[in-house]
Amino acid sequence: MSTVTYAVHDSMTMLRRNLKHAIRYPAVGFGSALTPILMLLLFVYAFGDSIGAGMGGGRDAYLDYLTPGIIIMGVAAGSMSTSIAVCSDMTEGIINRFRTMNITRSSFMTGHVLGSVLQTMTCLVPVVGIAFAVGFRSDASPLEWLAVTGLLAAIAFAVTWLSAALGLISKTVESASNKPLLVQFLPFLGSAFVPADSMSPGLRWFAENQPFTPMTETLRGLLSGSAIGTNGWISLAWCAGIATVGYVWCRSLFNSTTTR
């Protein structure tokens, strides 16, 4: 077999390992869906009427506006498990065993990332289901739903590589669970919950120039069946940039790190 074939085979082996862990401990994965669901219910039923009225609509209109932001938040929340899993492997000694085996070095991180992406996409199902259950409606066509799936997978892939790097620099599992919190709550400082143009000038500038705002607006446009403008290309560019930074950072850290 060629070098590429070996790398793919080893990565699939590591992917199966991580998926088995996810099946054995489902609470770890689906726990990441709990925060977005609670946020959705809180903002819709506690603040939906007042915020919706301020935006020129009601609770139902605000639910349609809020749901894409909650879904993006769910993707960011799903990355936390990657940081924990990577740090756990690095601190428990299993990585020493992997380094003595004839496997591709990159397969360890690739298996973690791909497994987390699949786990995150699965955990988004209950988030979307709850949104529909409380009244969210979408005018997206089948092709737009396919684009929604691709966009969410791209965001999950990018954020997961960054989370994996945060897991590598963490010395304990506890610190690994805390480092991705900034990524998880960054959508708060975008257009996920309220329009960016309703914010103060400084916060508005930050909201308009951070990655999660164009991602949220792209998802919002796809789900509503409306035009997304340049937000789609900007979102993909952010995803490519974040994934590249995360991958290069992971590779540098993994090649220079020994078991703690």
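Computed from a predicted model, the values in this text were never measured in an experiment.

Thresholds applied
- Residues numbered from 1 in each chain as written.
- Predicted model: local features only at pLDDT ≥ 70, side-chain atom pairs only at ≥ 80, totals over all residues.
- Heavy atoms only, no water.
- Axes fitted to C-alpha atoms, helices over the stretch in contact; angles between N-to-C directions.
- Helix = DSSP H or I, 4+ residues; strand = E, 2+ residues; numbered from the N terminus.
- Parallel < 35°, antiparallel > 145°, perpendicular 65-115°, else oblique.
- Left-handed = near helix turned anticlockwise from the far one by under 90°.
- Contact = heavy atoms within 4.5 Å.
- Nonpolar A, V, L, I, M, F, W, Y, C, P; charged D, E, K, R; others polar.
- Phe/Tyr/Trp six-rings, centres within 6.5 Å; stacked < 30°, edge-to-face > 60°.
- Buried < 20%, exposed > 50% of the residue type's maximum accessible area, 1.4 Å probe, protein only.

Colleague: Give me the packing of helix H4 (residues 59–78) against helix H7 (residues 107–133): which residues, what numbers.
Modeller: In contact at an axis separation of 9 Å, H4 and H7 are set at 155° when each is read in the N-to-C sense. Viewed along their axes, H4 and H7 adopt a mutual orientation that is roughly antiparallel. As H4 packs across H7, the resulting crossing turns out to be right-handed. Residues Leu63, Thr67, Ile70, Ile71, Gly74, Val75 and Gly78 of H4 touch H7, and the partners they reach there are Ser116, Thr120, Leu124, Val127, Val128 and Ala131. Among the residues forming the contact of H4 with H7, the class breakdown is eight nonpolar, five polar and no charged.

Colleague: Before we move on, can you summarise the packing of H4 against helix H8 (residues 142–169) with the specific residues and values?
Modeller: The interhelical angle for the contact between H4 and H8, taken along N-to-C directions, is 35°, at an axis separation of 9 Å. Once H4 is placed against H8, the crossing between them reads as right-handed. Listed contacts from H8 to Ile71, Ile72, Val75 and Ala76 of H4 are Leu152, Ile155, Ala156 and Val159.

Colleague: Mind laying out the packing of aromatic side chains, listing which residues take part and the relevant values?
Modeller: A full pass over the atoms with the stated rule returns nine aromatic pairs. Where phenylalanine 43 meets phenylalanine 47, the ring centres are 5.4 Å apart and the plane angle is 70°; that geometry is what we call edge-to-face. Overall, phenylalanine 43 belongs to the buried group, its relative accessible area being 14%. For phenylalanine 47, a relative accessible area of 37% translates into the label partly exposed. Here the aromatic rings of phenylalanine 157 and tryptophan 161 are separated by 6.3 Å at their centres, their planes lie at 85°, and the arrangement is edge-to-face. Taken together, the residues span about one helical turn, with phenylalanine 157 and tryptophan 161 both in helix H8 at a distance of four residues. The class of phenylalanine 157 is partly exposed, set by a relative accessible area of 34%. Assessed through its relative accessible area of 6%, tryptophan 161 is described here as buried. Here a set of aromatic residues connected by ring pairs shows up, and it is made of Phe43, Phe47, Phe185, Phe188 and Phe193.

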